[in-house]
Amino acid sequence: MEIAVALATGIVTGCSVYLVLSRHLIRVAIGFVLFSTAANIAIFLSGRLGPMAPPVVEAGAGALAADAANPLPQALVLTAIVIGFGLVAFTLVLLLKGFIRLGTVDADDLRETDRPDNAPAAVRPAEPRREAA
Amino acid sequence: MQPLLASPLLIPLATAAMTALLWSRPVAQRVASVAGAAALSIATILLLLEVAGGPPLVGRMGNWPAPFGIVLVVDTFSAIMLAIAGLKALAVAVYILGSGRASRDRRGLHPLFHGLLFGVCGAFATGDLFNLYVWFEVMLIASFGLLVLDGTRDQVEGGIKYVALNLIGTSFFLIAVGLLYGLTGTLNLADLARTVPTVGNQGAVAAIGLLILVAFGAKAAVFPLFSWLPAAYHTASMPVAAIFAALLTKVGVYAIIRVFTLVFGYDTGFFGPMLTVVAMATMVTGVLGAAAHYDVRRILSFHIISQIGYMLVGVALMTPLALAGSILYIVHHIVVKANLFLIAGAIKREGGSFALGRLGGLWAAKPLLGLMFLIPALSLAGLPPLSGFWGKLAVIRAGLEAEAWLLAGVALIVGLLTLFSMVKIWNEAFWKPQPNPHPVIPLGRMARFGTYAPIAVLCVLTMTIGLWTEPFAALSVAAAEGLLDHDAYIAAVLGPVQAATLTETTP
Amino acid sequence: MKPTLILRSSSALLLWCLVAVSVYVLLRGHNAPGGGFIGGLIAAAGVAVYAVSRGRAAALRMLRLHPAALCGLGLLVAAASGLPAFLDSAAAYLTHRWWFPDVGIQLPLGTPLLFDLGVYLTVLGTVTAMFLSLVEK
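The rules behind the values
The residue numbers shown here count from 1 along each chain, following its written sequence. Following the order in which they are written, the chains are lettered starting with A and the ligands numbered starting with 1. Local features in a predicted model are, by the rule used here, given only for residues with pLDDT of at least 70; side-chain atom pairs are given and counted only at 80 or more, and totals for whole chains, interfaces and linings are based on all residues. Hydrogen atoms and water are omitted, and side-chain values are computed over all heavy atoms in the structure. Here a strand is any run of E in DSSP of at least two residues, a helix any run of H or I of at least four, and the numbering for each starts at the N terminus. Contacts are assigned to residue pairs with any non-hydrogen atoms lying within 4.5 Å of each other. The Shrake-Rupley method, run with a 1.4 Å probe, gives the accessible areas here. Residue values count only the displayed protein chains as cover. When a residue's accessible area, from a 1.4 Å probe over protein chains only, is under 20% of the maximum for its type it is buried; when over 50% it is exposed; and in between it is partly exposed. Take the buried residues of types Ala, Val, Leu, Ile, Met, Phe, Trp, Tyr and Cys, join any two whose side-chain atoms come within 4.5 Å, and each joined set is a nonpolar core. Angular values range over 0 to 180 degrees, each being the angle between N-to-C directions of two axes fitted as lines to C-alpha atoms, with helices fitted over their stretch in contact. Relative orientations are named as follows: roughly parallel for angles under 35 degrees, roughly antiparallel for angles over 145 degrees, roughly perpendicular for angles from 65 to 115 degrees, and oblique for any other angle. Note on convention: near helix rotated counterclockwise from far helix by under a right angle means a left-handed crossing. Clockwise means right-handed. As a working rule, the residues Ala, Val, Leu, Ile, Met, Phe, Trp, Tyr, Cys and Pro are called nonpolar, Asp, Glu, Lys and Arg charged, and the rest polar, with Gly in that last group. Once two parts are put together, the accessible area they lose, assessed with a 1.4 Å probe and summed over both, is termed the buried area. We define a salt bridge as a contact between a side-chain nitrogen of Lys or Arg and a carboxyl oxygen of Asp or Glu at a distance within 4 Å. Counted as a polar contact is a pair of N or O atoms within 3.5 Å, where, for protein atoms, one must be capable of donating a hydrogen and the other of accepting one, and residues adjacent in sequence contribute only when both atoms are in side chains. Strands qualify as paired when DSSP identifies two bridges or more between them. Residues enter patches when their relative accessible area tops 30% and they take part in no salt bridge; the joining distance is 9 Å for like charges and 5 Å for the nonpolar side chains Val, Leu, Ile, Met, Phe, Trp and Tyr. Think of it this way: Lys and Arg go in the positive column, Asp and Glu in the negative one, and His and the chain ends go nowhere. Charged side chains are reduced to one point each, which is NZ for Lys, CZ for Arg, CG for Asp and CD for Glu. Between the first and last residue of a helix there are one fewer steps than residues, each counted as 1.5 Å, and that sum is the expected span. To pair, rings of Phe, Tyr and Trp, with the six-membered ring standing in for Trp, must have centres within 6.5 Å; the planes then decide the type, stacked if under 30 degrees apart, edge-to-face if over 60, and tilted in the middle. We call a charge positioned over a ring when the NZ of a Lys or the CZ of an Arg lies within 6 Å of the ring centre and within 35 degrees of the ring normal.

J.: I'd like a rundown of the overall build of chain B, residues and numbers included.
T.: Scanning chain B for helices and strands turns up 22 helices and 2 strands. Oriented by its inertia axes, the alpha-carbon framework of chain B measures out at about 75 × 55 × 40 Å. Across chain B, the fraction of contacts at a sequence separation of at least 24, relative to all contacts at a separation of at least 6, is 80%. Surface exposure of chain B reaches about 15,800 Å², of which carbon and sulfur atoms provide 72%.

Rendered as structure tokens:
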């Protein structure tokens, strides 16, 4: 079982890397979703698969039953899912804003902020470029 | 004691909540923001006085016992970082008063600003690796919002790059956390310090260490993971850029120092040379990038990267002197760097531009601003008797003592190149005549106070660290000793019983 | 796309149904699946239906508080729920404190409920703010 889940983690990671390397920003966003999913599966797997009983101490008992599942990875994954949900929601809003503002979802068109800036007149003739103030 | 320990988290959280509640009242938001930042800086200084030199202060959240629940651990190093973060928060909160853009207040500048501080303080105070991940995310979400606050084309574009690269970094961290948990069954830093050296599969430990180094390195903007920083920082508004420059990358540096001394510190043979190379490459690429640019904001952004290299020297060499030098350097850098960004904002407000080609004549027009630029600029370059000199001196001397000749040499040369960049800004913006004279709009009284008061206070602080170094150096040495004294940390978190069994089981 | 008459007239009813369910889920979370997070999401779904059928402005009017302020209120409540722990000088932040008033049955009240209420409001505020910023376009 562990092998199957580990393989699934690898496949999901591979898909996400393929998507993240794309130029299309929506695909990149989907790639992030898959990447965090892969991370969540990895955490879940690292808590060991197997016991399935709910990790609740029975009334009167002093400790967990022997076949209780490990609750910690579940708590970690739950936290990571909630955080991932927030990040993805923000990313989508940002991409929508980017589409409205910049008119593109192609990573190759995002060159504005990497443009070399004005050199002083002594070094290079100043270009009559307007600043985006 | 316990309320004081929780206060660095509670105060920014309460302030963020209060400013969010006052959503439609910008003036009230500004008042609440400055009050919250002042309270934070007072609380963190009290905490530093409480902790300095002594054993770490530990808070078990919800009274859950140590390796199971989340712990807050504040040792001298954490307390120093918290105090300096509180100070920066206050400086930037006052600086925001000087910016007339009320539209930013309506878009949530203050809640996001204090949300960012909440994440930063949490990251400095936590003693749990997964909790550190959560604080990183709190910080990240807030910084996303702050970066694209004005919604300009530049900001949205820089924001997309920033978000994309940082999401990858945190995913790496999450995967590393999962693997480390699978290997050791714990995520409490003290417990990890105890168990990681005893793990049989040291190859897996090294791989996880590398994953964590990539994740924190992306946060700290080290070579070759820094590309998000120059793509995004120069698009942010100046108060935001100042707080980013002061705190965001430093959280990454803090995390590297904390985890690679406490958890992976036993394996200096593997991580030491790697961190040395990373530190050198970071210094050199940052300073060369700065030399190539002619926009004040971009020059300063690249200098952040260059300075990160100096901060890594401590953890690369792992000697008490090197760590103390790094800590002193971080303190100096946070004070000076944020001040330079605030000054860049003042240059924009007074001179009308960030581009060096369009600036000029500021020394004649605003001699006070020129003087206040020179203090942090020369300090950044490491000229005596300013604060940067002592930080660089300690780092380079530690390099010489550890016989890392190349590292020490690179640190010296990079200092020289830093001076070149700073002189370039001076020559272009302050010294040369104004190329295209235009009527200057004088600032109002509030704007003048908000702009110059924080800059002046930070300048005085720079001078103080430079001229009266003794207490700061002593504090850094105490923090470095605390970082290397793993047993004290473990005993404080897990209790003396488990620390005793540790000395029995590990040779 | 114009919402249908049925959706428009039933959205207020749906909203209150969903809020009622969300409060039930919030309280149920004490010892069963549920709690502040899922409750807040359900309530936010109700607001979303309302906003889709009657528009963003009507939804903001109905909420009275701005979603960000709602989120701030939630954070404040959650943060305050940890403060009673300091009544005991040795206890750390967020240590639980309980109160069992006897009104026919023993009501298990305590700081965790307050914390959950804070989570509920924070999630409701955050999700609503995100949703409304999308509806705007």
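Having seen it, we continue.
J.: I'd like a description of the overall build of chain A, backed by residues and values.
T.: Helix and strand counts for chain A stand at 3 helices and 0 strands. For chain A, the α and β elements follow one another from N to C terminus as α-α-α. By the burial criterion, 35% of the 133 residues in chain A qualify as buried. For chain A, the proportion of contacts with a sequence separation of at least 24, taken over those separated by at least 6, is 48%.

J.: How would you summarise the nonpolar core if you had to cite specific residues and measurements?
T.: Membership of the largest hydrophobic core comes to 217 residues, with the highest contact counts inside it found for Leu 129, Ile 212 and Phe 216 of chain B. Here this core takes 19 residues from helix H11 (residues 238-262) of chain B, the largest share from any one element. Not counting the four nearest positions on each side in its chain, Leu 129 of chain B is found in contact with Phe 173, Val 177, Leu 180, Leu 187, Leu 189, Leu 192, Ile 212 and Val 259 of chain B. One finds Leu 15, Tyr 50, Leu 70 and Leu 132 of chain C within the second-largest nonpolar core, a separate group that totals 15 residues.

J.: I'd love a proper account of the packing of helix H12 (residues 268-291) of chain B against helix H18 (residues 405-431) of chain B, names of residues and values included.
T.: All names here are of chain B. In contact at an axis separation of 9 Å, H12 and H18 are set at 20° when each is read in the N-to-C sense. Looking at the two axes, H12 sits roughly parallel to H18. H18 is crossed by H12, and the crossing has left-handed handedness. Residues Thr 276, Met 280, Met 283, Val 284, Val 287, Leu 288, Ala 290 and Ala 291 of H12 form the contact with H18, whose participating residues are Leu 406, Leu 407, Val 410, Ala 411, Val 414, Leu 417, Thr 418, Phe 420, Ser 421 and Lys 424. Among the residues forming the contact of H12 with H18, the class breakdown is 14 nonpolar, 3 polar and 1 charged.

J.: Provide a residue-level description of the packing of helix H2 (residues 36-54) of chain C against helix H5 (residues 111-135) of chain C, including the pertinent values.
T.: All names here are of chain C. Two numbers describe how H2 lies on H5: the axes approach to 8 Å, and their chain directions differ by 35°. Taken as a pair, H2 and H5 cross one another with a handedness that is right-handed. Taking contact as the criterion, the partners of Gly 36, Phe 37, Gly 39, Gly 40, Leu 41, Ala 43, Ala 44, Val 47, Ala 48, Ala 51 and Val 52 in H2 are, on H5, Asp 116, Val 119, Tyr 120, Val 123, Leu 124, Val 127, Thr 128, Phe 131 and Leu 132. Split by residue class, the contact of H2 with H5 holds 15 nonpolar, 4 polar and 1 charged.

J.: Account for the interface of chain C and chain A, naming residues and giving values.
T.: With 6 residues of chain C at the interface, the matching set in chain A holds 8 residues. With both chains or domains summed, chain C and chain A bury close to 520 Å², and 92% of this area falls on carbon and sulfur atoms. On the surface where chain C and chain A come into contact, there are 0 salt bridges. Applying the counting rule to chain C against chain A returns 0 residue pairs in polar contact (both at pLDDT 80 or more). Looking at which element gives the most residues to the side of chain C that touches chain A, the answer is H5 of chain C, with 4 residues.

J.: Residue-level account of the environment of Val 12 of chain A, with values.
T.: All names here are of chain A. Within the secondary structure, Val 12 is located in helix H1 (residues 2-20). On a C-alpha basis, the gap between Val 12 and Asp 109 in space is 28 Å, while along the polypeptide they are 97 residues apart. Excluding residues within four positions of it along the chain, Val 12 makes contact with Leu 34 and Ala 38.

J.: Before we move on, can you summarise the pairing of strand S2 (residues 71-74) of chain B with the specific residues and values?
T.: Residues and elements named next belong to chain B. Neither face of S2 is left uncovered, since the one carrying Val 71 and Val 73 and the one carrying Leu 72 and Val 74 both have all their residues buried. Direction of pairing for strand S1 (residues 57-60) relative to S2: antiparallel, over a ladder of 4 bridges. Counterpart to Val 58 in the pairing with S2 is Val 73.

J.: Summarise the interface of chain A and chain B; cite the residues concerned and give the values.
T.: Listed by partner, the interface residues are 43 residues for chain A and 44 residues for chain B. In total, chain A and chain B occlude about 3,900 Å² of area from one another, counting both sides; carbon and sulfur atoms represent 68% of this. Viewed at the interface, chain B and chain A are joined by 0 salt bridges. There are 5 residue pairs in polar contact (both at pLDDT 80 or more) connecting chain A and chain B. Listing elements by their share of the side of chain A that touches chain B, those giving two or more residues are helix H2 (25-46) and helix H3 (71-102) of chain A. The element best represented in the side of chain A that touches chain B is H3 of chain A, accounting for 16 residues. Residues that form the side of chain A that touches chain B fall into these classes: 22 nonpolar, 10 polar and 11 charged.

J.: Which residues make up a positive patch on the surface, and what are the values?
T.: The grouping of Lys 97 and Arg 101 of chain A together with Arg 107 and Arg 153 of chain B at the surface amounts to a positive patch. In this fold, Arg 153 of chain B is placed in helix H7 (residues 153-184). For Arg 153 of chain B, a relative accessible area of 42% corresponds to the partly exposed category.

J.: Explain the environment of Ser 22 of chain C to me, and be specific about the residues and the numbers.
T.: Residue and element names in this part refer to chain C. Turning to its location among the elements, Ser 22 is positioned in helix H1 (residues 5-28). The exposure class assigned to Ser 22 is buried, which follows from its relative accessible area of 0%. Between the C-alpha atom of Ser 22 and that of Ala 90, which follows or precedes it by 68 residues, the distance is 36 Å. Leave out the neighbours within four places in its chain, and Ser 22 touches Gly 39, Ile 42, Ala 43 and Tyr 120. Within the structure, the side chain of Ser 22 is placed 2.7 Å from the side chain of Tyr 120, a separation counted as a polar contact.

J.: Tell me about the side chain of Asp 191 of chain B, and name the residues and values.
T.: Residue and element names in this part refer to chain B. You can see Asp 191 is positioned in helix H8 (residues 189-195). Separated by 3.0 Å, the side chains of Asp 191 and Thr 186 make a polar contact. In terms of polar contacts, Asp 191 uses its side chain to reach the side chain of Arg 194, at 2.8 Å. In this structure Asp 191 touches Pro 67, Thr 186 and Leu 494, once residues within four positions along its chain are discounted.

J.: Residue-level account of a nonpolar patch on the surface, with values.
T.: All names here are of chain B. Taken together, the side chains of Val 284, Leu 288, Leu 412, Ile 413, Leu 417 and Phe 420 make up a nonpolar region of the molecular surface, amounting to roughly 540 Å² of accessible area. For the nonpolar patch, the secondary structure elements donating two or more residues are H12 and H18. The biggest single contributor to the nonpolar patch is H18, with 4 residues. Relative to the helices and strands, Leu 412 is located in helix H18.

J.: Lay out H2 of chain A in plain terms, naming residues and giving numbers.
T.: Relative to the 32 Å expected for 22 residues at 1.5 Å per residue, H2 of chain A spans 31 Å between its end C-alpha atoms, a close match to the ideal helical length. Count one or two residues on from H2 of chain A and you reach Arg 48 of chain A, which has phi positive near 70°.

J.: So what about the pattern of salt bridges? Which residues, and what values?
T.: Residues and elements named next belong to chain B. The full count for this structure, using the stated rule, is 7 salt bridges over all chains. Lys 161 serves as the salt-bridge partner of Glu 157, at 3.2 Å between the closest nitrogen and oxygen. Here Glu 157 and its partner Lys 161 are both found in helix H7, 4 residues apart, which amounts to about one turn of the helix. For Arg 397, the salt bridge identified is with Glu 401, shortest N-O distance 3.1 Å. One end of the pair is Arg 397 and the other is Glu 401, both in helix H17 (residues 387-401) and 4 residues apart, which spans about a single turn. Arg 397 sits in the partly exposed class, given a relative accessible area of 49%.

J.: Which residues make up the packing of aromatic side chains, and what values go with them?
T.: Applying the stated criterion to the full structure yields 27 aromatic pairs over all chains. Both rings, one in Phe 90 of chain A and one in Phe 144 of chain B, keep their centres 5.2 Å apart while their planes meet at 25°; by these two values the pair is stacked. One end of the pair, Phe 90 of chain A, is in helix H3; the other, Phe 144 of chain B, is in helix H6 (residues 129-147), on a second chain. Taking the relative accessible area as the measure of exposure, Phe 144 of chain B reaches 1% and is therefore buried. One aromatic cluster is present, formed by Phe 90 of chain A together with Phe 144, Tyr 162, Trp 228, Tyr 233 and Phe 244 of chain B through successive ring pairs. If you follow Arg 349 of chain B out to its NZ or CZ, it ends over the ring of Tyr 95 of chain B, 4.5 Å from the centre. The side chain of Lys 392 of chain B reaches across the aromatic face of Tyr 310 of chain B, ending 4.8 Å from its centre.

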